[in-house]
Amino acid sequence: MKDAMNRLAQFLGRRRRWVVAAWVLIVLLALPFASKQTEHLTGGGFDVPGSQSMKVSEAVQDEFGDRADGIAVVLKAAPGATATERDVAVARVGKEVATLDDVTLPPAVAAQARRQLQGTDVVLVPLRSDLTSDELIDPAKTLREDMSPGDAAGGVTPYLVGQPTIWAGMQEISKEDLKKAETSGFPIVALILLVVFGSLAAAALPLTLGFVSVLVTGALIYFISLQTNTSVFVTNMASMIGIGVAVDYSLFILARYREEREGGREKGEARARALSTSGLAVAFSGMAVIISLAGLWMVDNQALRSMALGAMTVVAVSILTATTLLPALIAMLGDRVLPGGIVGRVAAFFRRRFYRRRTAEQAATVQNRFWRAWTARVMARPWRSVIGVTAVLLVLASPLLSLQTGTQALSQFPKESDVRVGSELASDQLGGGTDPVQVVAAFDGAPTAADKAAVAGFRRELAATQGVAAVGAPTFSGNSVLIQATPQAGSESAAAMALVDRLRGTVVPASALAPRAEVDVGGETARSHDVRDQIGGSMWKIVLFVLALSFIVLMVMLRSLLLPLKAVLMNLLSIGAAFGVLVAIFQWGWLDGFLGFESQGALDTINVPLIFAVVFGLSMDYEVFLMSRIRERYMAHGDNERAVAEGLSSSARTISSAALIMSAVFAVFVLTGVPSIKELGLGCAIAIALDATLVRLILVPAAMKLMGRWNWWMPSWLDRALPDLSFEHGSEEPEPAKA
């Protein structure tokens, strides 16, 4: 593998202009598609195969069609609105709906709305469609564009309500947040890189790779969304992870190249060594991230899988750019990536001003001595370090014991948002949630008189059930009947979820209808309930898959059994601590109002597996990079403590810089995103910060001191059976590549 990377470095050095030209062409081709990446994204994909909610959804679409509710319009007239203005508002709804395919406003409903609006200021106008809730998202987007909900027109303000309109609005706010995050994220990363590298050229390279990776991934997301349901959050997630990962990977390789050049190696040789060590580490760490994200495919949930696929795509593209485009750019720029120029002179000024006129080389020597001294202090009292850090992480993780999950799409919007205002108005009109609980009973044949009597009795029982505000008249179609009930509480509330449990667990089984038909309880609330149960019941599979495959990757790379086990346990500690902080902030509401945080009463259901997979994978980045340096030194002289000190001192600055960049990128999304994105960003930022400080700088060297030579224990038979993908260079130097 090392030889293959050496040959790749030689090829990239000889064909650097062709390689850069190829990437420029790829970017130009990707640009128009990346600009359209959000056009086919959806808020759907949450159906759980085989669940009651999915059975009801299919029955409603196939058998009841345009008799089921999906989208509704709320018309709110100003107190002084005239009768003519009120009639015009209803007519406008009919005109805009008429332009849509598969969505209608029945004349009887329009006439009733016209009469009601003359006598009251708020009217709910239900539309009809035979499309599923997911399929209604696109028509809802069109209506939002045409009707401008929340903007008064002639004394009457229209609002759109229903789950499809919530996800349509989420797409709009997601685009805005992504634009703000990318606009503010790149300058922050650029500033950190300037400080780290002291060179404009060197700082520009990771930024360029980040831009290219995110752009190319955006184009790929566009094509993916044409083939399968793709979540509206996939662009935010891909951008969040892509910027950080692409910059980090290029930082690792570029830092090693500069180290080799400063050590006196020729340009081509330095590139070859950088690519065959740090480049190989990048490939391994990227593989670990992709494996972690692949664990999300253990859940048969299209929304979760699409977000995982977007993140896996951007990581794969980042590996490709870091190992092909970056070496070619380094070959073209030459020593301009070394400290110098305007930034170098500014850095030199501050060193003279604040560090007693030390040169860059002297400052680097002092810094190296600092990390060696740090490592010596940690390993001098290893038990104290291990126990102390573990105790801190366990305390931070303790709130995890009270973790609760839920889906709160509506509360993601600002309180003044038209989506939220409209839903609140509709809830007032309905006396409960805007999305009804749907009960479908399927008989073996055409319903008999006795079957219809059982349906009537069940409707009365349903109306008397705690938590039900109103029950609509039964709708018969073929061998089935649909009954829709309005919950007293909001459709996404815990009370509405409890109502679904009550209906499925006691009301339906005890009814006279149950022996006569197959009865399923569905609707948007039931679907959220089923998704929560599906993900909660699948977490053990995700965790087991990620831990097992990550262990195998590290075992092959490090030729050890204990070091991969140590890495897995330490990653779990930092992830647990991050989840504990998230529970305190987003579930308990400890920082409500601070930085725009708003307690949701629970963590977002889909964020729990996402954060676990993303953070575990990214933590492996730093583990691979640090341990590859330590193993490289250990194979050179065989002294465990010395190898840890040398490996940590040579990589601590790079790891700290990479973690700072990654945390800064995640923090940008914390400040600009909706609550679920804030939750995802904060969880990842905290976990990365803890992993790069307490874990990598204290826990790792202390644990390796305690394990001694057992760190590198590997049964000889297993060592022979595994492929040799070593990072370390032997006595034989790589053939210099063309400068």
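None of the values given here were measured: they were computed from a predicted structure. (Residues numbered from 1 in each chain as written. Predicted model: local features only at pLDDT ≥ 70, side-chain atom pairs only at ≥ 80, totals over all residues. Heavy atoms only, no water.)

Q: Explain the overall build of the chain here, please?
A: Counting secondary structure elements, the chain contains 23 helices and eleven strands. Here the C-alpha atoms of the chain give a radius of gyration of 30 Å, agreeing with the 27 Å that 2.2 N^0.38 yields for 739 residues. Projected onto its principal axes, the C-alpha coordinates of the chain cover approximately 90 × 50 × 45 Å. Out of the 739 residues belonging to the chain, those deemed buried represent 59%. (Helix = DSSP H or I, 4+ residues; strand = E, 2+ residues; numbered from the N terminus. Rg over C-alpha atoms; globule rule 2.2 N^0.38 Å. Buried < 20%, exposed > 50% of the residue type's maximum accessible area, 1.4 Å probe, protein only.)

Q: Would you mind showing me how to read a nonpolar patch on the surface here?
A: Taken together, the side chains of Trp 588, Trp 590, Leu 591 and Phe 594 define a hydrophobic patch exposed on the protein surface, amounting to about 470 Å² of accessible area. Considering the arrangement of structural elements, one finds Phe 594 in the loop between helix 19 (562–587) and strand 11 (603–604). (Patch = residues over 30% accessible without salt bridge, like charges linked within 9 Å, V, L, I, M, F, W, Y side chains within 5 Å. Areas by Shrake-Rupley, 256 points an atom, 1.4 Å probe, with all protein chains shown as cover. Salt bridge = Lys/Arg side-chain N within 4 Å of Asp/Glu carboxyl O.)

Q: Whenever I open this one, the environment of Ala 577 confuses me. Can you help?
A: Looking at where Ala 577 falls in the secondary structure, it is placed in helix 19. On the accessibility criterion, Ala 577 (0% relative accessible area) is buried. Note: C-alpha distance between Ala 577 and Phe 233 (344 residues apart in sequence) is 25 Å. Setting aside anything within four residues of it in sequence, one finds Ala 577 in contact with Leu 393, Leu 396, Ala 397 and Leu 690. (Contact = heavy atoms within 4.5 Å.)

Q: Would you explain the pairing of strand 10 (residues 518–522) in this entry?
A: Working note: regular strand, side chains alternate between the two faces of the sheet. Counted residue by residue, strand 10 has four buried out of five residues, so it is predominantly covered. When strand 6 (residues 437–442) meets strand 10, the two strands line up antiparallel, connected through five bridges. Looking across to strand 10, one finds that Val 440 is bridged to Asp 520. (Pairing = 2+ DSSP bridges.)

Q: I would appreciate a short explanation of helix 15 (residues 418–430) in the present structure.
A: Three- or four-residue spacings in an α-helix give side chains the same orientation, since the helix completes a turn every 3.6 residues. For helix 15, with 13 residues, the first-to-last C-alpha span of 18 Å sits near the 18 Å given by 1.5 Å per residue. Considered for burial, the residues of helix 15 that qualify are Asp 418, Val 419, Arg 420, Gly 422, Ser 423, Leu 425 and Ala 426. Backbone nitrogen of Val 419 and a side-chain oxygen of the N-cap are separated by 3.2 Å at the start of helix 15; the cap is Ser 417. Downstream of helix 15 by one or two residues, Gly 431 has phi in the positive range, about 75°. (Expected span 1.5 Å × (residues − 1). Polar contact = N/O pair within 3.5 Å; in protein donor to acceptor, adjacent residues only side chain to side chain.)

Q: What exactly am I supposed to notice about the packing of helix 8 (residues 200–227) against helix 9 (residues 234–262) here?
A: The relative placement of two packed helices comes down to the angle between their axes together with the axis-to-axis distance. As a packed pair, helix 8 and helix 9 sit with axes 8 Å apart at the nearest point and diverge in direction by 145°. Considering how the two elements wind past one another, helix 8 and helix 9 form a crossing that is right-handed. Two secondary-structure elements touch here, helix 8 through Ala 202, Leu 205, Pro 206, Leu 209, Gly 210, Ser 213, Val 214, Thr 217 and Ile 221 and helix 9 through Val 234, Ala 238, Ser 239, Gly 242, Ile 243, Ala 246, Val 247, Ser 250, Leu 254 and Arg 258. Grouping the constituent residues of the contact of helix 8 with helix 9 by class yields twelve nonpolar, six polar and one charged. (Axes fitted to C-alpha atoms, helices over the stretch in contact; angles between N-to-C directions. Left-handed = near helix turned anticlockwise from the far one by under 90°. Nonpolar A, V, L, I, M, F, W, Y, C, P; charged D, E, K, R; others polar.)

Q: What should I look at first to understand a negative patch on the surface in this one?
A: The grouping of Asp 101, Asp 102, Asp 130 and Glu 135 at the surface amounts to a negative patch. Secondary-structure assignment places Asp 130 in the loop between strand 3 (122–129) and helix 6 (137–147). (Lys, Arg positive; Asp, Glu negative; His and termini not counted. Charge placed at Lys NZ, Arg CZ, Asp CG, Glu CD.)

Q: What exactly am I supposed to notice about the pattern of salt bridges here?
A: When their charged atoms lie close together, side chains carrying opposite charge are able to pair. Counting across every chain of the model gives 23 salt bridges. The salt bridge partner of Glu 260 is Arg 273, with a shortest N-O separation of 3.3 Å. One end of the pair, Glu 260, is in helix 9; the other, Arg 273, is in helix 10 (residues 267–294), and 13 residues separate them in sequence. We note a salt bridge from Asp 451 to Arg 516, for which the minimum N-O separation is 3.0 Å. In this pair, Asp 451 is assigned in helix 16 (residues 449–463) and Arg 516 in the loop between helix 17 (494–510) and strand 10, connecting sequence segments 65 residues apart. The class for Asp 451 is buried, based on a relative accessible area of 8%. Exposure remark for Arg 516: the relative accessible area of 38% places this residue in the partly exposed category. Put simply, Arg 256, Glu 260, Arg 265, Glu 269, Arg 273 and Glu 632 are held in one network by salt bridges that share partners.

Q: Any chance you could explain the packing of aromatic side chains here in plain terms?
A: Any two aromatic rings considered together are summarised by their centre-to-centre distance and by the angle between their planes. A full pass over the atoms with the stated rule returns nine aromatic pairs. Measuring from centroid to centroid gives 4.8 Å for Phe 33 and Phe 223, while their planes differ by 45°, and the two rings are tilted. In this pair, Phe 33 sits in helix 2 (residues 16–34) while Phe 223 sits in helix 8, placing the two residues 190 residues apart along the sequence. Pairing Phe 612 with Phe 616 gives two aromatic rings, centres 5.8 Å apart and planes at 35°, and the pair type is tilted. Within this pair, Phe 612 and its partner Phe 616 are both found in helix 20 (residues 607–637), separated by four residues, close to a single helical turn. Through successive ring pairs, a cluster of aromatic residues spans Phe 33, Tyr 222 and Phe 223. Its guanidinium or amino end placed over the ring of Phe 476, Lys 452 lies 5.6 Å from that ring's centre, counting from NZ or CZ. (Phe/Tyr/Trp six-rings, centres within 6.5 Å; stacked < 30°, edge-to-face > 60°. Lys NZ or Arg CZ within 6 Å of the ring centre and 35° of its normal.)

Q: Where do I start with the nonpolar core in this structure?
A: Nonpolar side chains in soluble globular proteins generally cluster together in the buried interior. In terms of nonpolar packing, the biggest core is built from 193 residues, with Leu 75, Leu 127, Leu 193, Tyr 249, Leu 293 and Met 627 touching the most fellow members. Excluding anything up to four places from it in sequence, Leu 193 contacts Gly 198, Ala 203, Pro 206, Leu 207, Val 247, Leu 251 and Ile 661. Leu 462, Val 468, Val 519 and Val 521 belong to the second-largest nonpolar core, a separate cluster that totals 23 residues. (Core = buried A, V, L, I, M, F, W, Y, C linked by side-chain atoms within 4.5 Å.)

Q: For this particular structure, what's the right way to read the side chain of Ser 385?
A: Positionally, Ser 385 belongs in helix 14 (residues 382–397). Contacts of Ser 385, omitting those with residues within four sequence positions, involve Val 378, Ile 698, Leu 699 and Ala 702.

Q: Mind showing me how you'd approach the confidence of the model for the chain here?
A: A low pLDDT means the predicted coordinates there should not be read in detail. Taken over all residues, the pLDDT of the chain has a mean of 85, while the share at 70 or more is 92%. Mean pLDDT in the chain bottoms out at helix 12 (residues 341–354), which sits at 51, and peaks at strand 10, which reaches 95. The model gives residues 357–363 a pLDDT under 50, and that stretch makes nine contacts with residues more than four places away or in other chains. Throughout residues 729–739 the model reports pLDDT below 50, and contacts reaching past four residues in sequence, or to other chains, amount to 29 contacts. (pLDDT = per-residue confidence, 0-100.)

Q: Which parts of the structure should I look at to understand the packing of helix 18 (residues 524–558) against helix 20?
A: One can describe the packing of helix 18 onto helix 20 by two numbers: an axis separation of 11 Å at closest approach and a directional angle of 10°. Relative to helix 20, the element helix 18 is oriented roughly parallel. Contacts between helix 18 and helix 20 involve Ile 535, Met 539, Ile 542, Val 543, Val 546, Leu 547, Ser 550, Leu 554, Met 557 and Leu 558 from the former and Val 608, Pro 609, Phe 612, Phe 616, Met 620, Glu 623, Val 624, Met 627, Ser 628 and Arg 631 from the latter. Looking at the contact of helix 18 with helix 20, its residues break down into 16 nonpolar, two polar and two charged. (Parallel < 35°, antiparallel > 145°, perpendicular 65-115°, else oblique.)

Q: Would you mind showing me how to read helix 3 (residues 52–64) here?
A: Every buried residue belonging to helix 3 is among Ser 53, Val 56, Ala 59, Val 60 and Phe 64, and all of these are buried. The buried residues of helix 3 all sit within an arc of 125° when viewed along its axis, so they share a single face. Looking at the buried side of helix 3, the elements it contacts are strand 6, strand 8 (475–477), strand 9 (480–487), helix 17, strand 10 and helix 18. (Arc of directions from axis to C-beta.)

Q: In this structure, what is going on with unusual backbone geometry? I would like to understand it.
A: Most peptide bonds adopt trans geometry, and most residues besides glycine take a negative phi value. Of note, the phi angle at Asp 102 is positive, near 70°, even though the residue is not glycine. Unlike most non-glycine residues, Ser 148 shows phi in positive territory, near 50°. Along the chain, the position of Ser 148 falls in the loop between helix 6 and strand 4 (156–161).

Q: What's the story with the side chain of Thr 230 in this structure? I'm lost.
A: With respect to the secondary-structure elements, Thr 230 resides in the loop between helix 8 and helix 9. At 3.0 Å, the side chain of Thr 230 forms a polar contact with the backbone oxygen of Thr 228. Every residue in contact with Thr 230, bar those within four places of it in the chain, is listed here: Leu 41, Thr 42, Ile 224, Ser 225 and Ser 306.

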